[in-house]
Amino acid sequence: MHPTPFDHMQRAVDVVNNSEHPQNKIAATIAGEDFDGSHYSVVHTNFWPEIIKGRIGPDTRIGNASGTIHAETACILKSPCTEGASIFVTDPICPNCAKNIAEAGIRNVYIDHKGFEKDFLTRRREFFEHMSLAICEKAGINVYEIRRREERITPILETAANRAVHIETPVELQEAHSSFVDFIAKQERLREDTPFAIGFGHERAKDRTIALIAPTHPVAGLSSRLDSDLLARPDGKYSYIMEPVNRLLMNAARLGIRLDHNHLYSSRLPTAREQVNLIGADVHRLHVGNLHDARDLSAYEAMRLLESKRVLAFEALEDVTT
Ligand SMILES: [Zn+2]
């Protein structure tokens, strides 16, 4: 018998107390279909990557980011193929996870009703109601509240099935014919000012080596012309821009691409959060086009810390050997 939404939620609830986070114990399950039609599910709590715990410690800020990976994002990073999948979360999702969920092509979000009863900060509830839900709506994602005991599902947000979602700058897949260095050099010439990330990897569905190219862009469903107001006014610590490295990681999960961790590139220094997410994806080495260019100063702080503790190595393009 197929597991029901209640079963998937129960799996997350069953592990939530394994979370090492002292206050916010959160868990999630992703249930989806792999490229060959087989069903999978992945369950994870929020967590500190071992290397961060061991070499930096759980309480140290990494630039403006914490060293934790949220449960929802952890599940995406560990899923074989998230396009059209559903996610079951013990708590309301934060805007950053909403962005990642949208970018990963996840179609349904289920939240345990107990998550709404927790005494979580008013500010977080506000972020959920104003920003996370707005992101889901734009991206055509359904959001439900789930009551396991009564086996009841209540819609919080339902979007029309098959509604076309505006993707301002789609990611690109290209066959990786040339060497990594040549490929990057060509893309740098073509793209000039738009920050972008590239990963070589294995497209499992077609069993071929490809290059996945992810430029920065507004989150799924937003347009820089029509939503310029929203994009110009980031909501506190969150923004409506999807950064390239996060986009690369989420789309690799969406498309079932296994990234080659020695051939990842970012045209500029990624944000602190992106750097932490790379570590959450078990990446320890990143090639960077311009190490003196970043979205903000905390990206440099994060780089200095991660480099000095040998958690993540940043290499200039000239050093690339293929
Ligand atoms: Zn989150």
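Visitor: Help me out: how do you make sense of the domain arrangement of the protein in this one?
Guide: It is common to give the size of an interface as the accessible area that goes away when the parts come together. Partitioning the protein into domains gives domain 1 (5-157) and domain 2 (172-319). With centres defined by C-alpha atoms, the gap from domain 1 to domain 2 works out at 22 Å. With 42 residues of domain 1 at the contact, the number on the domain 2 side is 39 residues. Counting each side, the surface lost to burial between domain 1 and domain 2 is near 3,400 Å², with a carbon and sulfur contribution of 63%. On the domain 1 side of the interface with domain 2, the three residues burying the most area are Lys99, Glu103 and Lys138, jointly 19% of the side's total. Counting the contacts that link domain 1 with domain 2 gives four salt bridges. The residue Arg204 makes a salt bridge to Asp34 at a minimum N-O spacing of 2.5 Å. If you look at where domain 1 meets domain 2, you find 15 residue pairs in polar contact (both at pLDDT 80 or more). Every element with two or more residues in the side of domain 1 that touches domain 2 is listed here: α2 (50-55), α3 (71-78), α4 (95-103) and α6 (122-139).

Visitor: Just to check I follow, could you spell out the coordination of the zinc ion for this structure?
Guide: Taken together, His70 (ND1), Cys94 (SG) and Cys97 (SG) make up the full set of protein donors to the zinc ion, lying 2.0 to 2.3 Å away. Mapping the donors of the zinc ion onto the primary sequence gives the spacing H-x23-C-x2-C. Taken as a pair, His70 in the loop between α2 and α3 and Cys97 in helix α4 lie far apart in primary sequence, 27 residues in all. Using a relative accessible area of 32% as the deciding quantity, one classes His70 as partly exposed. Note on Cys97: relative accessible area 2%, which makes it buried.

Visitor: So what exactly am I meant to see when it comes to the side chain of Glu243 here?
Guide: Along the chain, Glu243 turns up in the loop between β11 (241-242) and α9 (244-255). According to the relative accessible area criterion, Glu243 is buried, its value standing at 6%. Here the side chain of Glu243 touches Arg268 through a polar contact of 3.1 Å, side chain to side chain. Discounting chain neighbours no more than four positions away, the residues touching Glu243 are Thr216, Arg268, Thr271, Glu274 and Arg295.

Visitor: So what exactly am I meant to see when it comes to the pairing of strand β8 (residues 196-203) here?
Guide: Looking down a regular strand, the side chains alternate between one sheet face and the other. Across the eight residues of β8, seven count as buried, placing the element largely inside the fold. As defined by bridge partners, β8 adjoins strand β9 (residues 208-215) across eight bridges and the pair is classed as antiparallel. When the sheet's bridge partners are listed, Ile198 is paired in β9 with Ile213. Counted along the chain from β8 to the antiparallel partner β9, the turn is four residues long, and its residue Asp207 has a positive phi close to 50°. Pairing analysis gives six bridges linking β8 to strand β12 (residues 257-269), with the strands arranged antiparallel. Within the sheet, the bridge partner assigned to Gly199 lies in β12 and is Leu264.

Visitor: In this structure, what is going on with the side chain of Arg191? I would like to understand it.
Guide: Note on placement: Arg191 falls in helix α7 (residues 180-191). Among the polar contacts listed, one links the side chain of Arg191 to the side chain of Gln187, at a separation of 2.6 Å. With near-sequence residues (within four places) excluded, Arg191 lies in contact with Glu172, Phe196, Ile213 and Pro215.

About the cut-offs
Residues numbered from 1 in each chain as written. Predicted model: local features only at pLDDT ≥ 70, side-chain atom pairs only at ≥ 80, totals over all residues. Heavy atoms only, no water. Domains from an automatic or database assignment. Contact = heavy atoms within 4.5 Å. Buried area = accessible area lost by both parts, 1.4 Å probe. Salt bridge = Lys/Arg side-chain N within 4 Å of Asp/Glu carboxyl O. Polar contact = N/O pair within 3.5 Å; in protein donor to acceptor, adjacent residues only side chain to side chain. Helix = DSSP H or I, 4+ residues; strand = E, 2+ residues; numbered from the N terminus. Donors = N, O, S within 2.8 Å, 3.2 Å for Na, K, Ca; no water. Buried < 20%, exposed > 50% of the residue type's maximum accessible area, 1.4 Å probe, protein only. Pairing = 2+ DSSP bridges.

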